[in-house]
Structures are given as structure tokens and as C-alpha cells.
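Okay, here's what each chain looks like letter by letter:
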Amino acid sequence: MILLTAEALTMRFGGLVAVNDFNLHIEKGEIVGLIGPNGAGKTTVFNMIAGYYTPSEGVIRFRDSVISGLKANRITKAGIARTFQNIRLFSELSVIENVMIGYHCRIRSSFFGATLRLPLYRREEKMMVDGAMKLLREVGLEEVARERSTSLPYGKQRRLELARALATGPQLLLLDEPAAGMNPNETQELLELILRLRTDYDLTVLLIEHDMKFVMEICERIKVLDYGTTIAEGTPHEIQNNPRVIEAYLGEVQRA
Amino acid sequence: MERSPLFCRRAGTGTGFLELTFFLQQMINGVALGSLYGLIAIGYTMVYGIIRLINFAHGDVMMMGCYFAYFGILMFSLPWGASFVAAMVLTAILGVLIDKGAYVPVRHAPRISALITAIGVSFLLENLGLVVFGGRPKGFTTPDMFAEVYEIAGLMIPALVLWTPLITLILLSGILFIIHRTKAGRAMRCISHDMETTRLMGVDVNRVISITFAVGSAAAAAGGIMWAMRYPEINPLMGIIPGLKAFVAAVLGGIGNVTGAMLGGLLLGLAEILLVALMPEIAGYRDAIAFGILIFILIFRPTGLMGSKLPE
């Protein structure tokens with residue numbers, strides 16, 4: 001079953017074409033990688049899927065409904081969650097509150113219900129706290145639930161972002177450089193965590209990453225962007241041996 | 001504009017005891033006035049905290065609240081309690097409508113555009129008030145419960161002066177509860193930190209902003225009604241000075257911080273009342289004090305008393 005399709009996506013900022021004629025199909029349950037040199041347009045693709053940008057051209061479909069042009073909160077509600085390249089946690093909030101905000105869209109209580117502490121809200125609040133604790137356990141952060149999010153070390157902040165994204169109840173998870181700044185041990189743990197979460201939460205994953213070892217190991221399919229254009233697509237093995245990819249990363253081989 | 005009966009200086013009373021009662025009386029009066037500033041300042045600070053907009057129409061929203069209460073009592077003969085609650089609800093709705101009608105269209109415009117829009121809304125409300133309600137001040141009836149004067153240990157205390165801080169405290173607790181213990185409040189705190197990420201977490205940001213306007217406007221209505229009972233008349237331009245002073249209070253406390261706004265309001269109220277009480281010869285400058293404080297705080301501590309410290 002195809003979960004997400006992007007057809008002929010183009011994104012222009014004034015005269016700059018950040019992404020040009022981008023096409024993507026993701027099957028349910030897949031882990032797909034999006035790679036390319038800096039400035040290739042990978043994050044722009046994420047921003048279009050997540051609803052942060054409306055594509056200049058093209059259509060994005062998620063589970064048979066068009067989502068391009070919808071507001072970001074509607075897209076999140078539809079089942080797409082993301083993490084950020086530069087961590088964007090709510091620094092004023094505690095670790096568990098950062099996760100609880102993810103439940104916001106899954107709660108039915110109104111403002112008055114919440115203010116007056118009506119029974120439905122109390123049930124839902126308990127559901128939120130329990131759910132958030134469970135997610136924190138999943139990513140190994142239950143011991144620091146009451147601490148401020150920014151007091152956590154870097155690797156834990158990344159895992160907290162992951163838990164927060166999961167709290168929105170996604171089917172598709174967009175991970176923007178999840179392994180950035182991690183040492184090899186942490187990267188390996190992250191890889192195992194993502195694989196485990198995929199099984200446990202029935203997830204499909206689209207990720208951007210520069211750590212090639214990580215990408216080759218975790219992804220089943222990879223798409224390579226350069227200057228906004230798709231230059232290659234295939235299994236990790238095919239990508240590793242694709243001359244256009246090597247050229248994009250290493251520069252054109254000088255012929256003597 | 002100051003017509004409080006407590007305001008005459010007890011000159012020549014002589015003994016130390018009376019000096020003390022005089023001082024205490026002024027303190028109580030200052031706390032009452034300060035609570036009103038604080039209550040109005042909460043609306044400024046909440047809106048600023050969430051969308052970085054100084055809502056200059058806030059004082060006029062307060063004025064509208066007074067008229068709603070006035071018409072509730074006079075035209076619909078509601079009991080005063082019901083009329084005040086209805087006025088708070090209507091003012092909350094007005095606040096939301098102002099946001100939807102005036103501020104949503106400029107949400108992504110530069111901040112200066114939103115600021116100018118706010119000033120425009122302020123003028124609109126004032127002049128609409130002049131046209132619809134007329135410019136002549138209307139007498140505001142104070143319920144008997146607030147009009148009484150208690151004599152406690154030699155102090156003459158109008159009931160309103162006691163009730164004002166009490167009602168303010170209840171409303172402040174309610175607002176702090178909303179901000180810290182409900183999902184809308186959690187979303188408010190998230191939006192004030194990073195609106196786009198909050199949206200990506202599935203939060204309907206515009207809805208949360210509407211709730212913020214509603215809560216802030218309802219608080220302003222409550223403050224306005226107590227203001228109208230204190231200086232018992234209302235007119236369409238009555239919101240200007242309390243609005244500006246509440247703005248000073250919000251900046252003094254650290255704009256964006258609700259507890260700070262209340263603290264700023266209390267300090268401002270006390271400073272004003274005490275200065276006029278102790279130095280009646282400069283009483284005419286009482287409004288200047290507030291703005292002097294504003295200038296002072298902007299120069300020496302622009303983030304306010306409870307605001308976060310700026311990075312070096």
C-alpha cells in the first residue's frame with residue numbers, strides 16, 4: 001500500500017528553484033533515505049510534506065487525500081510527524097510536557113472542559129501523562145521526565161524530539177538528520193531505536209542524513225538530490241555505485 | 001480624574017497613630033489601584049507573550065467591557081453580578097473578534113504592521129464608542145455591596161477597596177491555572193517559545209491565540225468594571241490612561257510574564273498613591289510618574305523585573 005506520494009513537486013523562492021520536479025512514493029512500513037550535498041533541497045522537501053511550505057507546483061497525497069496546501073497542524077493530525085535538524089524543543093517546558101504537547105491534537109476536551117476539570121478532560125489528561133511516560137520509557141528518558149528539556153545532554157534531546165513526534169500518533173515519521181552530532185555508539189543505539197519503534201508503532205520513516213554508514217544500514221531505499229533535482233534512486237547498494245552520486249559528493253573526476 | 005473619597009490628605013492630624021493609619025489607608029488604596037493596573041496588564045502581557053504584539057487596543061477593550069456591564073444593568077435590568085459576568089463574556093468575544101478581524105490578516109506581516117493595526121483598532125473602538133454611546137460620561141452604579149464603607153481600627157475602608165484585590169487574586173489564580181494546568185495553557189507556553197514547531201506538533205495555533213485574547217479581554221473587563229465603580233462614571237475615552245498605565249505595569253513586571261504584570265501593576269499603583277499622598281504638592285504629576293517609570297525601566301532593565309535576563 002502506498003502511504004505517501006509526491007508528484008512533480010517544485011518549490012521556488014523568488015528566482016531560486018530549491019526543489020525541481022521531485023517525485024516520491026513511499027510504501028507503508030518502508031524506511032526511505034533522502035540524501036544529497038548541503039543545499040540540495042532535502043529539508044525543503046520535508047518542509048513541504050510537513051506543511052511548513054506550500055509547494056509552488058505539484059501535489060502531495062497521503063493515504064489517498066491531498067495534503068499539500070493544508071496547514072501544518074492539519075497535516076500532523078492526518079498522521080505525519082517530524083523532528084528537526086537543529087533541535088527545536090520547548091525550553092521552558094519540562095521533558096514530559098514537551099511530549100504531552102504532542103498529544104494536543106489527539107484530545108477532544110474543549111478549553112472549558114480543561115479549565116473546569118470535567119471528567120472527560122481528567123481522563124484524557126491521565127491518558128496524556130501515561131502515554132507520555134510510556135513514550136519516554138521507549139526512548140529511555142523516564143528518569144528525567146520532570147527536568148527541563150534543555151538541561152538534557154544533546155543525544156537525549158534528540159531522543160526527546162523523537163518521543164514528542166511519536167506523541168502525535170504518526171504513521172509517517174520525518175526525521176531530519178537524526179544522527180547529527182552523535183558518536184558511533186549513540187548512532188548505533190539510535191539505529192536500533194528507530195527499527196524497534198518502526199515495528200512497535202507500525203511506522204513508515206523518511207529520513208535525511210549525512211552519516212552514510214547509518215543511511216546505508218537503515219534505509220531500504222534511497223533518493224539522492226542535488227541542486228533540487230533527483231539524480232539517483234535505488235537500494236543502498238545501487239546508490240553506492242552510482243557514478244552521478246559519487247560525482248555529486250566528490251566533484252567531477254578530473255580526466256587527464 | 002481622581003475622585004476617591006480616600007484621597008484627601010488628613011492634614012494636621014498630628015499624632016503618630018493617625019499618621020500610621022493614614023499611611024496604612026494609602027497602602028490599602030494603592031494595592032487596590034495596583035490590582036486594577038495588574039488585571040489590565042495581564043491582557044497586554046499574555047498577548048505579547050504569545051504573538052509579540054503590543055495590543056494598544058487593550059485599554060479600549062476594557063472600556064467596552066464597562067459599557068457592556070452598564071447596558072446589562074440599565075437596559076436589560078440584569079442583577080449586577082450577572083451583568084458583570086455577561087460583560088466579561090462579551091468582552092472576551094470582542095477580543096477574539098478583534099484578533100480574527102484585525103490581527104490574523106497581518107499575522108505574518110512585519111511586527112510594525114501589527115502594531116499600527118493595533119493603534120488603528122484602538123482609535124476605531126474609541127470613535128465607535130463616541131458615535132454609538134455618545135461622548136457624555138455616564139454614571140456607573142456601584143452595587144451596594146461595594147459601596148459600603150467599613151471602619152476598621154480607625155481606618156475608613158470602602159468595601160470596593162477590599163474586594164478589588166480579592167477579586168483580582170481569584171482571577172489571577174484562575175489565569176495562572178489555565179496557563180500552567182490546562183492543555184490550552186501548555187500550548188500557549190509552547191507558542192510563545194516557537195510558534196512554527198507548535199503548529200507542527202498538531203496544535204491549532206490560531207485557536208490557542210483566540211483563547212489568549214479571550215482570557216486577556218475578560219480580565220480587562222473585570223478590571224474595567226472595578227475601575228468604573230471606583231471612579232463611578234464611564235466614557236468612550238476612559239480606556240486610554242488605564243490602558244497606557246497597564247502597559248507600563250506589564251513592561252515593569254517583564255512583558256510576557258503574567259505574575260510580573262501583576263507585580264508591576266501593584267508597584268505602579270502603590271508608587272502613584274503614595275507619592276500623591278506624601279507629596280500632595282506634586283499630585284498633578286501622578287500620570288507622569290508611570291511614564292517616568294517606563295522610561296527608567298526601558299533604560300536600565302528593559303526586560304522588566306521578572307523578565308528573563310538578556311544575553312550579554
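Residues numbered from 1 in each chain as written. Chains lettered and ligands numbered in written order. Predicted model: local features only at pLDDT ≥ 70, side-chain atom pairs only at ≥ 80, totals over all residues. Heavy atoms only, no water.

(A) Highlighting the overall build of chain B. Within chain B, the secondary structure is distributed over twelve helices and four strands. Relative to a compact globule of 312 residues, whose C-alpha radius of gyration would be 20 Å, chain B shows 20 Å and is just as compact. Dimensions of chain B, computed from the C-alpha atoms along their principal axes, are close to 65 × 55 × 35 Å. Counting all 312 residues of chain B, 54% fall into the buried class. Sequence-distant contacts in chain B: of pairs separated by 6 or more residues, those separated by 24 or more amount to 75%. Averaging the locations of the 20 positively and 16 negatively charged side chains of chain B gives two centres separated by 8 Å. (Helix = DSSP H or I, 4+ residues; strand = E, 2+ residues; numbered from the N terminus. Rg over C-alpha atoms; globule rule 2.2 N^0.38 Å. Buried < 20%, exposed > 50% of the residue type's maximum accessible area, 1.4 Å probe, protein only. Contact = heavy atoms within 4.5 Å. Lys, Arg positive; Asp, Glu negative; His and termini not counted. Charge placed at Lys NZ, Arg CZ, Asp CG, Glu CD.)

(B) Molecular detail of the interface of chain A and chain B. With 30 residues of chain A at the interface, the matching set in chain B holds 26 residues. Roughly 2700 Å² is buried in total at the junction of chain A and chain B, and carbon and sulfur atoms are behind 64% of that figure. Considering only the surface of chain A that becomes buried against chain B, A:F90, A:H104 and A:F111 emerge as the three largest contributors, covering 25% of it. With its nearest N and O atoms 3.0 Å apart, the salt bridge here joins B:D194 to A:R88. Our count for the chain A to chain B interface comes out at nine residue pairs in polar contact (both at pLDDT 80 or more). For the side of chain A that touches chain B, the elements supplying multiple residues, two or more each, are α2 (72–78), α3 (95–100), α4 (111–115) and α5 (119–138) of chain A. Within the side of chain A that touches chain B, the residues separate by chemical class into 15 nonpolar, eight polar and seven charged. (Buried area = accessible area lost by both parts, 1.4 Å probe. Salt bridge = Lys/Arg side-chain N within 4 Å of Asp/Glu carboxyl O. Polar contact = N/O pair within 3.5 Å; in protein donor to acceptor, adjacent residues only side chain to side chain. Nonpolar A, V, L, I, M, F, W, Y, C, P; charged D, E, K, R; others polar.)

(C) Spatial organisation of the sheet that holds strand β1 (residues 2–13) of chain A. All names here are of chain A. Taken together, four strands build an open sheet; the order of strands is β2-β1-β4-β5 and the sheet is antiparallel. The open sheet has two free edges, formed respectively by β2 (16–27) and β5 (65–66), since each of these has just one partner strand. Pairing geometry for β1 and β2, over eight bridges, is antiparallel. Counterpart to R12 in the pairing with β2 is V17. Taken strand by strand, helix α1 (residues 42–50) contacts β1, β2 and β4 (57–62), and its axis lies near 115 degrees from that of β1. (Pairing = 2+ DSSP bridges. Axes fitted to C-alpha atoms, helices over the stretch in contact; angles between N-to-C directions.)

(D) Summary view of the domain arrangement of chain A. Residue and element names in this part refer to chain A. Considered domain by domain, chain A is made up of domain 1 (1–79 + 170–256) and domain 2 (88–168). Distance from the C-alpha centre of domain 1 to the C-alpha centre of domain 2: 27 Å. Taken together, the contacts link 19 residues of domain 1 with 13 residues of domain 2. Interface of domain 1 and domain 2: buried area, both sides summed, is about 1400 Å²; carbon and sulfur atoms make up 64% of it. (Domains from an automatic or database assignment.)

(E) Molecular detail of a nonpolar patch on the surface. Residue and element names in this part refer to chain B. Together, L124, L128, L130, V131, V132, L237 and I240 line one region of the surface with nonpolar side chains, adding up to about 630 Å² of accessible area. The element contributing the most residues to the nonpolar patch is helix α4 (residues 111–133), with five residues. Position of L237 among the secondary structure elements: in the loop between β4 (233–234) and α10 (240–253). Since its relative accessible area comes to 40%, L237 is described here as partly exposed. (Patch = residues over 30% accessible without salt bridge, like charges linked within 9 Å, V, L, I, M, F, W, Y side chains within 5 Å. Areas by Shrake-Rupley, 256 points an atom, 1.4 Å probe, with all protein chains shown as cover.)

(F) Layout of the side chain of B:T91. Residue and element names in this part refer to chain B. Tracing the backbone shows T91 in helix α3 (residues 80–103). Since its relative accessible area comes to 0%, T91 is described here as buried. Ignoring any residue separated from it by four or fewer positions in sequence, one finds T91 in contact with V61, G65, F68, S217 and A221.

(G) Seen up close, the pattern of salt bridges. Residue and element names in this part refer to chain A. In this structure the tally under the stated criterion is 22 salt bridges over all chains. With a shortest N-O distance of 2.9 Å, D130 and K126 are connected by a salt bridge. Of this pair, D130 and K126 both sit in helix α5, four residues apart, roughly one helical turn. By relative accessible area, D130 is classed as partly exposed at 40%.

(H) Spatial organisation of helix α6 (residues 154–167) of chain A. Spanning 14 residues, α6(A) covers 20 Å between terminal C-alpha atoms, matching the ideal 20 Å at 1.5 Å per step. Most of α6(A) is tucked away, with eleven of its 14 residues classed as buried. Of the residues making up α6(A), those classed as buried are A:G155, A:Q157, A:R158, A:L160, A:E161, A:L162, A:A163, A:R164, A:A165, A:L166 and A:A167. At its buried positions, α6(A) is contacted by β6 (80–82), α3, α5, β7 (172–176) and α7 (184–201) of chain A together with α8 (195–200) of chain B. Directly after α6(A), the chain includes A:G169, whose backbone phi takes a positive value near 70 degrees. (Expected span 1.5 Å × (residues − 1).)

(I) The nonpolar core, seen in detail. If you look at the biggest cluster of nonpolar residues, it comprises 119 residues, and the most contacted ones within it are A:L4, A:F22, A:I80, B:I42, B:Y103 and B:F140. Per element, the largest residue contribution to this core is 14 residues, and it comes from helix α9 (residues 205–230) of chain B. Shared between two domains, this core holds at least three residues of each, these being domain 1 (1–79 + 170–256) and domain 2 (88–168) of chain A. With sequence-adjacent residues up to four places away left out, B:F140 is seen in contact with B:C66, B:A69, B:Y70, B:F84, B:I225, B:A228, B:M229, B:P232, B:E233 and B:I234. Grouped together as the second largest cluster of nonpolar side chains are 48 residues, A:V99, A:L136, A:V144 and A:M216 included. (Core = buried A, V, L, I, M, F, W, Y, C linked by side-chain atoms within 4.5 Å.)

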